[in-house]
Amino acid sequence: MGMDTKKTIDNIVDNLFYALPVIHNRLMKIDPPHINCGIRLSRQHIGILALVFNEGACPVTEIAAAFLIPKPRMTLLVNQMEKVGLIKRNGCPDDRRITNIALTPKGRSVFRQCDEYIKNNVRDILAELTGQELEDLSRSLKILREIRPKFDDRGS
């Protein structure tokens, strides 16, 4: 690895550690919407809905790992969501030890409402940026999306 490559990697690492708190503190702390669905939705509920909406039926353990949710808390969240009809549990046909969860029609509807609410809030935050800042951010995020597969399935 050349000196320029090492310096570039060091700059990326420094910038990532700056960018992640900005994204987390400004964009990910939008208060969840008040949707009459039987429970008061938390960010964790919405994250679970989003992941299952985008990925399809998922093992509970993988969802917990993705969001760093401890097993007892994950059990509570899944129980709450199942009780009000947002998700359903399904056994994995290949491995009885695995429980998958899938969204119900009600869960899909609630997620769509949450998604629209959050996207509108993010749009309001982004509207504070200049045109050039928006173009730069858009280009950077597009590149990150394009290179994402290179980061997937890497050991931790």
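What you see is a predicted model, and the numbers here were worked out from it, not measured in a lab.

Looking at the secondary structure, you find Gly85 in the loop between α4 (71-83) and β2 (87-91). Of the residues examined, Gly85 reaches a relative accessible area of 25% and is grouped as partly exposed. The spacing of Gly85 and Thr104 is 19 residues in sequence and 6.8 Å in space, taken between C-alpha atoms. Discounting chain neighbours no more than four positions away, the residues touching Gly85 are Thr104, Lys106 and Gly107.

This next bit is on the confidence of the model for the protein. Per-residue confidence for the protein averages 87 on the pLDDT scale, and 93% of its residues sit at or above 70. Per-element averaging of pLDDT across the protein places helix α1 (residues 3-27) at the bottom with 79 and α4 at the top with 94.

Its place among the elements puts Thr104 in the loop between β3 (99-103) and α5 (105-126). Ignoring anything within four residues of it in the chain, the contact list for Thr104 reads Gly85, Leu86, Ile87 and Lys88.

The subject of this paragraph is helix α3 (residues 60-67). The set of residues buried in α3 consists of Val60, Ile63 and Ala64. Seen from one end, α3 has its buried residues packed into an arc of 100 degrees, which puts them on one side. Those residues of α3 that are exposed and angled more than 90 degrees off the buried face are Thr61, Glu62 and Ala65. The secondary structure elements touched by the buried residues of α3 are α2 (43-55), β1 (58-59), α4 and β3. Immediately beyond the C-terminal end of α3, within one or two residues, lies Leu68, with a positive phi of roughly 55 degrees.

Counting buried residues along β3, four of its five residues qualify, which places the element largely inside the surrounding structure. As defined by bridge partners, β1 adjoins β3 across two bridges and the pair is classed as antiparallel. Bridged to Pro59 within β3 is Asn100. Relative to β3, β2 runs antiparallel, the two sharing five bridges. In the sheet register, Asn90 faces β3, and the bridge partner there is Asn100.

Cut-offs applied
- Each chain carries its own residue numbering, running from 1 in the written order of its sequence.
- For this predicted model, a pLDDT threshold of at least 70 governs which residues receive local features, and a threshold of 80 or more governs which side-chain atom pairs are given and counted, while totals over whole chains, interfaces and linings are taken from all residues.
- Processing note: side-chain calculations cover all non-hydrogen atoms of the structure and skip hydrogens and water entirely.
- Helical segments are the DSSP runs of H or I of at least four residues, strand segments are the runs of E of at least two, and each set is numbered from the N terminus.
- Under the scheme applied here, a residue whose accessible area is under 20% of the maximum for its type counts as buried, over 50% as exposed, and between as partly exposed, the area being computed with a 1.4 Å probe on protein chains only.
- Contacts are assigned to residue pairs that have any heavy atoms within 4.5 Å of one another.
- Every residue gets a pLDDT, meaning the predictor's confidence in that residue, from 0 to 100.
- By definition, the arc is the one covered by directions from the helix axis to the C-beta atoms.
- A pair of strands counts as paired when DSSP detects no fewer than two bridges linking them.

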